[in-house]
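A look at the structure
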Amino acid sequence: QRQMCIRDSFNTAMKKTGYFGGCMLFIDMGDDTRSPAGMAEVQTPLTIDSAKIGRGSFKGFRVIEPINCYPAPYNADNPLAPDYYRPTGWLVQGRRVHASRMLHFVQNEPPILLKPAYNFFGIPLAQMALDYVDRFDTVRISVAKLVKRFSTSVLKTDMSQLLNNGSYEDAASLKARALMWSLLGSNDGLMALDKEAEDFVQVNTPLSGLADIVSQQLELLAAISRTPAVKLLGISPKGFNSTGEYDEANWYDHVASQQSIVFADNLDRAIKIIQLSETGQIDADLTHKFVPLHEQSETEKATNRKANADTFAVYYDRGVLSAEEERTRLASDPDSGYDSIDVDDLPEQPSGGVIGEGPDDEDGRTGAV
């Protein structure tokens, strides 16, 4: 079997979708798009049937960034039609391609009024985060400047001559006085003050809360992308006894919903096209399933197995389930620890009986010997 690289193509498309709000995957059926015959073919619909998609005709996916395509004339005057604001064709660098030959990825889809402004793609996540990045950068620079000017030195001296239209000599004298402080006013220096006419104080700017302001602006970036701060920024959850499990569960729910919204239809269509190209027919039982995002620890798996075993014991005692049904469940569960057992090979109990076989009890149920 040929490698179709679906995962790599979809991964690239999703990266472009994050930057641009959407992306296209051109379904390459081997048509020469430089020849008139090939250009005429890609303008026709790509129907999902063996008459249109022959054996070995699918060649792969080609990533088309939004900057390289624009919708062909589309229906913008009849909201009752199914193709209202849904382009039936795309111009890829001037070459017209039927919409059925493109897998259209869209995230953060805008309302109809704004669709043409976004080239019929979604609102880019980069654009949504731009304002928050700018605010964070402004706060970061402001705090850095504030820290630099944390301490202000104030020299109380006689400035009456300078304020009353003092001469150049008076101004030079004050400047020399300030220069003396800057040269000697250190931990190793000695500052001499006039006992009667001068005084010196330092005014410090309060810095409490600045770190929280910067962190809050940074964490807003995680909020706009709905990504936990610990994953996006490496910031540990704050608060008493906070583990971040709730944020992680929300993140997994969001990712699962985006998988379904952005990938599901395109992946289903891609699987059907590849089946027709490889085998000439579509297997209705062949579908896709996304990998679970959350993986249980061994302790959690053991706890679940114990709970399932206790539940079965109750159902078994009440005659709801049989041992064969429980063995079937264990064999079909990859996390049960017994997924390799033979369902029909029932073990013998120490007394010589077989689980699930024995004389009827007082209620008429078959019990274990």
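Description of the structure in this document. (Residues numbered from 1 in each chain as written. Predicted model: local features only at pLDDT ≥ 70, side-chain atom pairs only at ≥ 80, totals over all residues. Heavy atoms only, no water.)

**Topic: the packing of aromatic side chains**
Across all of its chains, the model carries 11 aromatic pairs by this definition. With a centroid separation of 5.6 Å and an interplanar angle of 40°, the aromatic rings of Trp-90 and Phe-121 are classed as tilted. Of this pair, Trp-90 sits in strand β4 (residues 89-92) while Phe-121 sits in the loop between β6 (102-106) and α3 (125-148); the two residues are 31 residues apart in sequence, bridging distant segments of the chain. Here Trp-90 matches Phe-121 in class, with each residue buried. Taking the centre distance of 6.0 Å and the plane angle of 85° together, the rings of Phe-105 and Phe-263 count as edge-to-face. (Phe/Tyr/Trp six-rings, centres within 6.5 Å; stacked < 30°, edge-to-face > 60°. Helix = DSSP H or I, 4+ residues; strand = E, 2+ residues; numbered from the N terminus. Buried < 20%, exposed > 50% of the residue type's maximum accessible area, 1.4 Å probe, protein only.)

**Digging into the sheet that holds strand β1 (residues 22-28)**
Strand order in the open sheet formed by three strands is β2-β1-β6, and the pairing between neighbours is antiparallel. Across the chains shown, the open sheet's two edge strands, defined by having one partner strand only, are β2 (60-64) and β6. The mean angle between the axes of side-by-side strands here comes to 25°, regardless of whether they run parallel or antiparallel. Alignment of β1 against β2, held across five bridges, turns out to be antiparallel. Counted as the bridge partner of Asp-28 is Gly-60 from β2. Helix α1 (residues 6-20) contacts β1, β2 and β6 of the sheet and is inclined by roughly 150° relative to β1. (Pairing = 2+ DSSP bridges. Axes fitted to C-alpha atoms, helices over the stretch in contact; angles between N-to-C directions. Contact = heavy atoms within 4.5 Å.)

**Examining the packing of α3 against helix α6 (residues 210-224)**
Interhelical geometry of α3 versus α6 gives an angle of 170° and a closest axis separation of 9 Å. The orientation of α3 relative to α6 falls into the category roughly antiparallel. Only Leu-210, Ile-213, Val-214, Gln-217, Leu-218, Leu-220, Leu-221 and Ile-224 of α6 make contact with α3, whose side of the interface consists of Leu-125, Met-128, Ala-129, Tyr-132, Val-133, Arg-135, Phe-136, Val-139, Val-143 and Leu-146. Grouping the amino acids of the contact of α3 with α6 by side-chain chemistry returns 16 nonpolar, one polar and one charged. (Parallel < 35°, antiparallel > 145°, perpendicular 65-115°, else oblique. Nonpolar A, V, L, I, M, F, W, Y, C, P; charged D, E, K, R; others polar.)

**Let's talk about the nonpolar core**
Formed by 20 residues in total, the largest nonpolar core has its most connected members in Phe-10, Ile-27, Leu-103 and Phe-105. Contributions of two or more residues to this core are made by α1, β1, β6 and α8 (245-279). Sorting elements by how many residues they give to this core places α8 first, with eight residues. In terms of nonpolar packing, the next biggest core, distinct from the first, is built from 13 residues, Met-39, Val-42, Met-102 and Phe-121 among them. (Core = buried A, V, L, I, M, F, W, Y, C linked by side-chain atoms within 4.5 Å.)

**Quick look at the layout of surface pockets**
Counted as a void, the largest pocket has a volume near 760 Å³. Around the largest pocket, the lining is made up of 29 residues, and of these Arg-86, Pro-87, His-104, Val-106 and Asn-266 lie nearest the centre. Looking at which element gives the most residues to the lining of the largest pocket, the answer is α8, with seven residues. Looking at the lining of the largest pocket residue by residue, the classes come out as 16 nonpolar, seven polar and six charged. For the second largest pocket, the calculated volume is near 540 Å³. (1 Å grid on protein atoms, 1.4 Å probe; cavity = no way out; pocket = protein on both sides within 12 Å on 5 of 7 lines; lining within 4 Å. Points joined across faces, edges and corners; volume = space filled by probe spheres on them.)

Interpretation in functional terms is not warranted from these geometric data alone.
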